[in-house]
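Here's the letter readout for the chains.
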Amino acid sequence: MDKYNMIPSILDLIRWKNLLMIALVQWLIKYALLKPFGVSMSLNGFEFILLMVATICIAAAGNVINDIYDVETDEINKPEKVIIGKHISEKTAYNLFIILNVLGMAIGFYLSNIVAKSGLFSIFVIISVLLYVYASYLKRTLLIGNIVISILVALSIIIVGIFELIPAITPQNQGIQLTFFKILLDYALFAFILNFLREIIKDIEDIDGDYKVGMQTLPIVLGRDRALKLLFALSFIPLLLIVFYIVNTLYKQPIAVIYFLVLIVAPLIYTIIKIAYSKTKKDFQIISNLFKLVMLFGMLSMLLYKYVLLS
């Protein structure tokens, strides 16, 4: 193992760009969505940073264990991106997995007691266990793994509401707290749908390696062409939901309408067209990145609440 490449390899192993996106989304929830409206929150700035760190640690641990179990398939699907066994030993990866989980759950335990809801600690335990079960078993099963990992992505949004909004509910502010929690649920649903679609295209991209190790993913069960057709049909769901949201909620806010049309609707339409004509691994990678980009722009729309909806 090359010790000089250890840190860059660890950053790649934990998917630092995805973790940065999680942190950004959680920061936007507190400071772009909740704070400008004077919503009651339970955590101060430092405690909120701890919530972000706990979430990132658990997610990073999930990425590590996923790569440990994916070595065999990755050597077929993307040999140039295999880290474990080339740049980092499996033992080091396991140690990193344990350290990240312990740190994430320890912070989660502390925060749960800070908001006087000790039972919330179980959320971190459940997420950690699900990520392990996903990597070791669920991702090999038809759709269940895709659904579970997409729920966990959505939960990274909802967890902010669980720790910030719910403990601060009083009889006087119950209405506004629940209103903003519902907004978070809407964003979580958006993230769930887009991540689920992205999971399908990643399975299509990785069909060769997955087939050789006996996985039962959607493209293996249906065949690549049928899976692509199903993905094409399912991709209209987020598009129609966003158009419905624009027509029913944002129509009086021209800046918001333009933002959604240019940065969310247009890329989604392009992605759907791209799915219809995709044939190569490179095409599938582009589609996967497009879904991630649409998700990012969707989350950045939280910035509109302060500058548009309060005007």
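Reading the values: rules and limits
- Residues numbered from 1 in each chain as written.
- Predicted model: local features only at pLDDT ≥ 70, side-chain atom pairs only at ≥ 80, totals over all residues.
- Heavy atoms only, no water.
- Helix = DSSP H or I, 4+ residues; strand = E, 2+ residues; numbered from the N terminus.
- Buried < 20%, exposed > 50% of the residue type's maximum accessible area, 1.4 Å probe, protein only.
- Lys, Arg positive; Asp, Glu negative; His and termini not counted.
- Salt bridge = Lys/Arg side-chain N within 4 Å of Asp/Glu carboxyl O.
- Contact = heavy atoms within 4.5 Å.
- 1 Å grid on protein atoms, 1.4 Å probe; cavity = no way out; pocket = protein on both sides within 12 Å on 5 of 7 lines; lining within 4 Å.
- Points joined across faces, edges and corners; volume = space filled by probe spheres on them.
- Nonpolar A, V, L, I, M, F, W, Y, C, P; charged D, E, K, R; others polar.
- Expected span 1.5 Å × (residues − 1).
- Arc of directions from axis to C-beta.
- Bend = angle between axes of the 7 residues up to and from the residue.
- Core = buried A, V, L, I, M, F, W, Y, C linked by side-chain atoms within 4.5 Å.
- Patch = residues over 30% accessible without salt bridge, like charges linked within 9 Å, V, L, I, M, F, W, Y side chains within 5 Å.
- Areas by Shrake-Rupley, 256 points an atom, 1.4 Å probe, with all protein chains shown as cover.

Quick look at the side chain of Arg 198
Stage number 1. Structurally, Arg 198 is set in helix H8 (residues 174-205).
Stage number 2. Nearest to the buried, unbridged Arg 198 among oppositely charged side chains is Glu 199, at 5.3 Å.
Stage number 3. Apart from the residues lying within four places of it in its own chain, the contact partners of Arg 198 are Ser 288, Phe 291 and Lys 292.

Considerations on the pattern of salt bridges
Stage number 1. The full count for this structure, using the stated rule, is 7 salt bridges.
Stage number 2. The salt bridge partner of Lys 202 is Glu 199, with a shortest N-O separation of 3.3 Å. Taken as a pair, Lys 202 and Glu 199 lie in helix H8 at a separation of 3 residues, close to a single helical turn.
Stage number 3. The class of Glu 199 is buried, set by a relative accessible area of 6%.
Stage number 4. A salt bridge links Arg 224 to Asp 208; its shortest N-O distance comes to 4.0 Å. With a gap of 16 residues between them, Arg 224 in helix H11 (residues 224-234) and Asp 208 in helix H9 (residues 207-212) connect regions that are remote in the sequence.
Stage number 5. Judged by relative accessible area, which is 42%, Asp 208 ranks as partly exposed.

Looking at the layout of surface pockets
Stage number 1. Approximately 500 Å³ is the volume attributed to the second largest pocket.
Stage number 2. Forming the boundary of the second largest pocket are 21 residues, of which Asp 186, Tyr 187, Leu 241, Ile 242 and Tyr 245 lie nearest the centre.
Stage number 3. Of all the secondary structure elements, the ones that give two or more residues to the lining of the second largest pocket are H8, helix H12 (236-250), helix H13 (254-277) and helix H15 (303-309).
Stage number 4. No other element matches the 8 residues that H12 contributes to the lining of the second largest pocket.
Stage number 5. Classifying every residue of the lining of the second largest pocket gives 15 nonpolar, 4 polar and 2 charged.

Some remarks on unusual backbone geometry
Stage number 1. Look at Ala 116: it is not a glycine, yet its phi comes out positive at around 60°.
Stage number 2. Owing to a relative accessible area of 64%, Ala 116 belongs among the exposed residues under this scheme.
Stage number 3. The phi angle at Leu 143 is positive, at roughly 65°, despite the residue not being glycine.
Stage number 4. Here Leu 143 lies in the loop between helix H6 (121-136) and helix H7 (144-164).

Describing empty space enclosed by the protein
If a probe the size of a water molecule is rolled over the atoms, the empty space left behind becomes visible.
Stage number 1. Scanning all chains against the criterion turns up 2 cavities of 30 Å³ or more.
Stage number 2. In this model, the second largest cavity occupies a volume close to 30 Å³.
Stage number 3. Looking at the second largest cavity, the residues that line it are Asp 67, Asp 70, Val 71, Asp 74, Val 82, Ile 83 and Ile 84.

What about H12?
Stage number 1. Taking 1.5 Å per residue as the helical rise, H12 with its 15 residues ought to reach 21 Å, and the 20 Å between its terminal C-alpha atoms agrees with that figure.
Stage number 2. Along H12, the residues classified as buried are Pro 238, Leu 239, Ile 242, Ile 246 and Leu 250. The arc enclosing the buried residues of H12, seen along the axis, measures out at 105°, which places them on a common side. Structural note: H12 exposes Leu 240, Phe 244 and Val 247 on the side pointing more than 90 degrees away from its buried face.
Stage number 3. Each element contacted by the buried residues of H12 is listed here: H8, H11 and H13.

Some thoughts on H13
In an α-helix there are 3.6 residues to a turn, and that puts residues three or four apart on one side.
Stage number 1. Taking 1.5 Å as the rise per residue, H13 with 24 residues should run 34 Å; its terminal C-alpha atoms sit 33 Å apart, in good agreement.
Stage number 2. Along its length, H13 reaches its greatest deviation from straightness, about 35°, at Leu 261.
Stage number 3. Every buried residue belonging to H13 is among Ala 256, Val 257, Tyr 259, Phe 260, Ile 264, Val 265, Pro 267, Leu 268, Thr 271, Ile 272, Lys 274 and Ile 275, and all of these are buried.

As for the nonpolar core
Stage number 1. The biggest cluster of nonpolar side chains holds 78 residues, and the ones touching the most others in it are Ile 157, Phe 163, Met 299 and Met 302.
Stage number 2. Sort the elements by how many residues they give to this core and H8 lands first, with 15 residues.
Stage number 3. Residues in contact with Met 299, not counting those within four places in the same chain, are Val 25, Leu 28, Ile 157, Tyr 187, Phe 190 and Ala 191.

Some details on a nonpolar patch on the surface
Stage number 1. Where nonpolar side chains cluster on the molecular surface, the patch consists of Ile 7, Leu 11, Trp 16 and Leu 20 and spans about 410 Å² of accessible area.
Stage number 2. Looking at the nonpolar patch, the elements that each hand over two or more residues are helix H1 (6-13) and helix H2 (16-34).
Stage number 3. Considering the arrangement of structural elements, one finds Trp 16 in helix H2.
Stage number 4. Overall, the relative accessible area of 39% leaves Trp 16 in the partly exposed class.

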